[in-house]
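This is what each chain is made of:
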Amino acid sequence: NYLVSFLSSDAAGAMADAQKVFDNLSCRSHSSYNSMIIGYIKCGELQKAVDFYQTLEEGCFSVHLNEYAFVAILKACTKLKDAERGSRIHVQIARRGFLESNAILGTALVDMYCNCGMLKKAREVFEKLPEHDVVAWTSLISGYAQHNQSNMALVSFQLMLTQGICPSSATFVCVLKACGSTSKLGFGRLLHHQIVVESWLDLDVAIGTSLVNMYCKCEDLEDAHKIFSSMPTRNVVTFGAMISGYVRIGYVFLAFELFERYRIEGSEPDKHTFSCILNGCATVSAAEEGKMVHNKVTLEGLDSDVVIGNTLVDMYAKCGELYEARKVFDR
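No experiment lies behind these values; they were computed from the predicted model shown.

The rules we used
Every residue gets a number counted from 1 within its own chain, in the order that chain's sequence is written. Only residues with pLDDT of 70 or above have their local features reported here, since the model is predicted, and side-chain atom pairs are shown and tallied only from 80 upward, although totals for entire chains, interfaces and linings are computed over all residues. Excluding hydrogens and water, the side-chain figures rest on all heavy atoms present in the structure. Axes, fitted as lines to C-alpha atoms, cover a helix only where it is in contact. Angles between the N-to-C directions of the axes lie from 0 to 180 degrees. Each helix is a run of DSSP H or I of at least 4 residues and each strand a run of E of at least 2, with the numbering of both proceeding from the N terminus. Oblique is the label for any angle not under 35 degrees, not over 145, and not in the 65 to 115 range, which are roughly parallel, roughly antiparallel and roughly perpendicular in turn. It is the rotation of the near helix from the far one that decides the hand of a crossing: anticlockwise by less than a right angle makes it left-handed, clockwise makes it right-handed. Any two residues whose heavy atoms approach within 4.5 Å are treated as being in contact. Residues are sorted three ways: Asp, Glu, Lys and Arg are charged, Ala, Val, Leu, Ile, Met, Phe, Trp, Tyr, Cys and Pro are nonpolar, and all the rest, Gly among them, are polar. Burial here depends on accessible area, computed with a 1.4 Å probe over protein chains only, as a share of the maximum for the residue type. Under 20% is buried, over 50% is exposed, and the range in between is partly exposed. Expected helix span is taken as 1.5 Å per residue step, with the number of steps being one fewer than the number of residues. The arc in question is formed by the directions pointing from the helix axis toward the C-beta atoms.

S.K.: Any chance you could explain the packing of helix H18 (residues 287-299) against helix H19 (residues 306-318) here in plain terms?
M.R.: Packed helix pairs are specified by the crossing angle of their axes together with the interaxial distance, meaning the distance between the axes. Running from N to C, H18 and H19 cross one another at 160 degrees; their axes reach a closest spacing of 11 Å. Considering the angle they form, H18 stands roughly antiparallel to H19. Crossing angle aside, the handedness with which H18 passes H19 is left-handed. Taken together, the residues of H19 that come into contact with H18 (itself represented by Gly 290, Lys 291, His 294 and Val 297) are Ile 308, Leu 312, Met 315 and Tyr 316. Partitioning the contact of H18 with H19 into residue classes produces 5 nonpolar, 2 polar and 1 charged.

Set out below in structure tokens:
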């Protein structure tokens, strides 16, 4: 049992050895069951963790799992979007009476249901939690924001504030996304003010990027550019948000200028940024600029990506370059 625990905690991942030792044990302790689940999660073997749990469930051995193991397996179900398995685990957790005493476990359930799009179920679990901390609220708000229920995300955020809960960085990111999706510029400005007062903008690139994205979606490019220019640190997502904003409003050549600036600074765009700038080239029939971007896509080895490929075909077709469009299509 000790050997299972030791092998499953190996950072390099010795789970195959741990599984062999586990299988050969004549008498297994509670810790060995828990170690196997948590070990698979740590090694990134999410499906194996879920499959291992299923064997425990079928053999009625899931009673050996503690709250930490249940949190881990729920996180695996969240990433795999396995709502069916997650619901069965929920039943086991409820039978053991863990939800009444463990807010972390309840939050993991809320997060799982939200990520799987089961928002009504997520809300039911949330309402039954013994306490509502910022992590639980953010999981719920994130679920609403991700699944096109932005108004519910904003309402939930306001309820959270009335309960005296201070937002985290992740909370601000989710609520700003909801503001952008619903074009709630006034609400977004209030959030911006709170972020500045609490000095989040100087500390967190994700919040700055979310502000840029919110202002762009609300078609306020002036404020978006002010935030963008003042950020002490920017990443590929920040540049992508600003470029996307320019393209959305029709300032394609400003987007292309920013795209080139990003590359000159020594960074490489991601697939989203490439797709966005190619869409911009298609909008204004900028075939030469589109060909330059295509060359960069090829150098990055992304020309076989189906999303990029579709965007290239569309760009060339809208620019009247049907021969080039066909070549990309055939590849």
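S.K.: I tried to follow the environment of Leu 129 on my own but got confused; where do I start?
M.R.: In this structure, Leu 129 sits in the loop between helix H8 (119-128) and helix H9 (134-146). Taking the relative accessible area as the measure of exposure, Leu 129 reaches 8% and is therefore buried. Through-space distance from the C-alpha of Leu 129 to that of Ala 103 is 6.3 Å; in sequence the pair is 26 residues apart. Ignoring any residue separated from it by four or fewer positions in sequence, one finds Leu 129 in contact with Gly 106, Thr 107, Val 110 and Ala 136.

S.K.: How should helix H10 (residues 150-162) be read in this particular structure?
M.R.: For an α-helix the count is 3.6 residues per turn, leaving residues at separations of three or four pointing the same way. Counted at 1.5 Å a residue, the expected span for H10 with its 13 residues is 18 Å, and the 19 Å between its end C-alpha atoms agrees. If you check which residues of H10 are buried, you get Ser 150, Ala 153, Leu 154, Ser 156, Phe 157 and Met 160. One side of H10 holds all its buried residues, which, seen down the axis, span an arc of 160 degrees. Of the surrounding elements, those touching the buried residues of H10 are H8, H9, helix H11 (169-182) and helix H12 (185-197).

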